[in-house]
Amino acid sequence: MGLVSDGLDRAAQKAFTRPIPKSAGAQMRYLVKQLKGTRAVAELLGVSQRTVERYVKDQIRRPRPDLAQRLEDAVRARWQPRIREQARRQAATSTGLMIDTRARFGFTAAPGTTDDARLRHLTLALPPHLAARLFDAQAAGASEQQLRALTAEALGEVYFRDGGRRAHGLEVELTDVEQLDFEL
């Protein structure tokens, strides 16, 4: 995944109403139920089918750190899909999306003005139509570069062009991202 995609996922996960299962056995049982079998879980996690069965029966309790992370990530990606979709739909139709970023912004400006990239820390509210574009692109499988371009365009519209009231024709580019957080 990438910075923008992970940030959008983290924002949707903040809407969860229940925490993900804590123990490795409970996480494995959840994945087996979701993927309808131990073989699919084994392929997903890169372990043997017998290992998955041992976790399901609580014969193994503590996975090695790399497996524990893959297991938690797989559960988190599938946890409460309706709650996640409801939060995304609400952001795309009514509430919008808060974005907090520290990045280097470069832009193409009119001749005679400076267009040197500058490091800025911005916290802005993106309106629902821009949040919808980001979520739709993510759902359609857009690459990280495409998501960054959409984020830069959204930031350009809200911050640099002030919703279309100034700086027409300004092309914003998002580079050297140090931090990027979204909040629904």
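Not measured: the values here are computed from a predicted model.

Peer 1: Describe the pattern of salt bridges, naming the residues involved and giving the relevant values.
Peer 2: Between side chains of opposite charge, pairing is possible as soon as their charged atoms come close. Evaluated as defined, the whole model comprises eight salt bridges. The partner of Asp9 in a salt bridge is Arg88, with the nearest N and O atoms 2.9 Å apart. Taken together, the residues span a long stretch of sequence, with Asp9 in helix H1 (residues 3-13) and Arg88 in helix H6 (residues 81-95) at a distance of 79 residues. Since its relative accessible area comes to 18%, Asp9 is described here as buried. Classification of Arg88 as buried rests on a relative accessible area of 16%. A salt bridge links Asp58 to Arg29; the shortest N-O distance between them is 3.5 Å. Linking Asp58 in the loop between helix H4 (49-56) and helix H5 (65-78) with Arg29 in helix H2 (residues 24-35), this pair joins segments that are 29 residues apart in sequence. Owing to a relative accessible area of 30%, Asp58 belongs among the partly exposed residues under this scheme.

Peer 1: Describe H2, listing the residues and the values that go with them.
Peer 2: Between its terminal C-alpha atoms H2 stretches 16 Å, which fits the 16 Å expected from 12 residues at 1.5 Å a residue. Of the positions making up H2, those classed as buried are Ala24, Gly25, Gln27, Met28, Tyr30, Leu31 and Val32. Packing partners of the buried residues in H2 comprise helix H3 (38-45), H4 and H5. Lys36 sits one or two residues past H2 and shows a positive phi near 60 degrees.

Peer 1: Describe the packing of H3 against H4, with residues and values.
Peer 2: Running from amino to carboxyl end, H3 crosses H4 at an angle of 110 degrees, the nearest separation of the two axes being 8 Å. Put simply, H3 runs roughly perpendicular to H4. Between H3 and H4, the residues in contact are Thr38, Arg39, Val41 and Ala42 and Gln49, Val52 and Glu53, respectively. Taken together, the residues that form the contact of H3 with H4 break down as three nonpolar, two polar and two charged.

Peer 1: Mind laying out the packing of H6 against helix H7 (residues 128-139), listing which residues take part and the relevant values?
Peer 2: Between H6 and H7, the least distance of the axes is 7 Å, while the angle of their chain directions is 150 degrees. Relative to H7, the element H6 lies roughly antiparallel. In this structure, H6 uses Arg88, Ala91, Ala92, Thr93, Ser94 and Thr95 to contact H7, whose residues at the interface are Pro128, His129, Ala131, Ala132, Phe135 and Gln138. Split by residue class, the contact of H6 with H7 holds six nonpolar, five polar and one charged.

Peer 1: Could you give me a rundown of the nonpolar core, with the residues and numbers involved?
Peer 2: Ranked by internal contacts, the top residues of the largest apolar core, which has 24 residues, are Leu8, Leu97, Ile99, Leu126, Leu134 and Phe182. Taken together, the elements giving at least two residues each to this core come down to H1, strand E1 (97-108), strand E2 (118-126), H7, helix H8 (144-160) and strand E3 (171-183). Excluding residues that lie within four positions of it along the chain, Leu134 makes contacts with Leu8, Leu97, Leu126, Leu147, Leu150, Thr151 and Phe182. In this structure, Leu31, Val52, Leu71 and Val75 belong to the second largest nonpolar core, which totals 18 residues.

Procedures and definitions
- Residues numbered from 1 in each chain as written.
- Predicted model: local features only at pLDDT ≥ 70, side-chain atom pairs only at ≥ 80, totals over all residues.
- Heavy atoms only, no water.
- Salt bridge = Lys/Arg side-chain N within 4 Å of Asp/Glu carboxyl O.
- Helix = DSSP H or I, 4+ residues; strand = E, 2+ residues; numbered from the N terminus.
- Buried < 20%, exposed > 50% of the residue type's maximum accessible area, 1.4 Å probe, protein only.
- Expected span 1.5 Å × (residues − 1).
- Contact = heavy atoms within 4.5 Å.
- Axes fitted to C-alpha atoms, helices over the stretch in contact; angles between N-to-C directions.
- Parallel < 35°, antiparallel > 145°, perpendicular 65-115°, else oblique.
- Nonpolar A, V, L, I, M, F, W, Y, C, P; charged D, E, K, R; others polar.
- Core = buried A, V, L, I, M, F, W, Y, C linked by side-chain atoms within 4.5 Å.

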